[in-house]
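Chains, contacts and geometry: an overview
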Amino acid sequence: MLTTGNQLKAARALAGLDQSELARRAGVNINTIGAMEKRGPEMLTSGLDKITAVMRALEDAGVEFLNHGRPGVRLKGSAQS
């Protein structure tokens, strides 16, 4: 599950997407992506519908969300550690 701004920023970097392309794919405003990323290590406060849309767009781009005690991301198919 997508939970923090830092996790979003890392996921976006892994997917090779800029904010505008992610916003387009998720069907949200680019300002939404920027505001979510500005949360940094804090929990996201955007609506669940927006968080879910962004998360699904990133998953469609090959990102897997990890939450084994701490939020993380990796590309699907990456070796497990």
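One can find the structure itself at the top, above this paragraph.
Before going into details, it helps to say that this report is about the structure given with it. Counting of residues starts from 1 at the beginning of each chain's written sequence and follows it residue by residue. In keeping with the predicted nature of the model, local features appear solely for residues at pLDDT of at least 70, side-chain atom pairs appear and are counted solely at 80 or more, and the whole-chain, interface and lining totals rest on all residues. Only hydrogens and water are set aside; all other atoms, that is, all heavy atoms of the structure, feed into the side-chain values.

What about the pattern of salt bridges?
- By convention in these notes, a salt bridge is any Lys or Arg side-chain nitrogen within 4 Å of a carboxyl oxygen on Asp or Glu. Tallied over the full model, the rule gives 4 salt bridges.
- Arg12 is paired through a salt bridge with Glu37; the nearest N and O atoms lie 2.5 Å apart. Here Arg12, found in helix H1 (residues 5–15), pairs with Glu37, found in helix H3 (residues 30–38); they are 25 residues apart in sequence, far enough to count as distant. Glu37 shares its class with Arg12; the two are buried.
- The residue Glu64 makes a salt bridge to Arg74 at a minimum N-O spacing of 3.1 Å. A run of H or I in DSSP counts as a helix once it spans at least four residues, and a run of E counts as a strand once it spans at least two, with each numbered from the N terminus. Under the scheme applied here, a residue whose accessible area is under 20% of the maximum for its type counts as buried, over 50% as exposed, and between as partly exposed, the area being computed with a 1.4 Å probe on protein chains only.

Some details on helix H2 (residues 19–26)
- Where H2 is concerned, the buried positions are Leu22, Ala23 and Ala26. The arc enclosing the buried residues of H2, seen along the axis, measures out at 100 degrees, which places them on a common side.
- Tucked inside the fold, the buried residues of H2 contact H1, H3 and helix H4 (48–60).
- Of the residues flanking the end of H2, it is Gly27, one or two places downstream, whose phi is positive at about 75 degrees. When we speak of the arc, we mean the arc of directions from the helix axis to the C-beta atoms. By definition, residues are in contact when any of their heavy atoms lie within 4.5 Å.

A word on the nonpolar core
- By nonpolar core we mean a set of buried residues, namely Ala, Val, Leu, Ile, Met, Phe, Trp, Tyr and Cys, connected to one another through side-chain atoms within 4.5 Å. Formed by 19 residues in total, the largest nonpolar core has its most connected members in Leu2, Leu8, Leu22, Met36, Val54, Leu58 and Phe65.
- If you list the elements that add at least two residues to this core, you get H1, H2, H3, H4 and strand E1 (63–67).
- Among the elements that line this core, the one with the most residues is H4, at 5 residues.
- Contacts of Met36, omitting those with residues within four sequence positions, involve Leu2, Gly5, Leu8, Leu44, Ser46, Ile51 and Val54.

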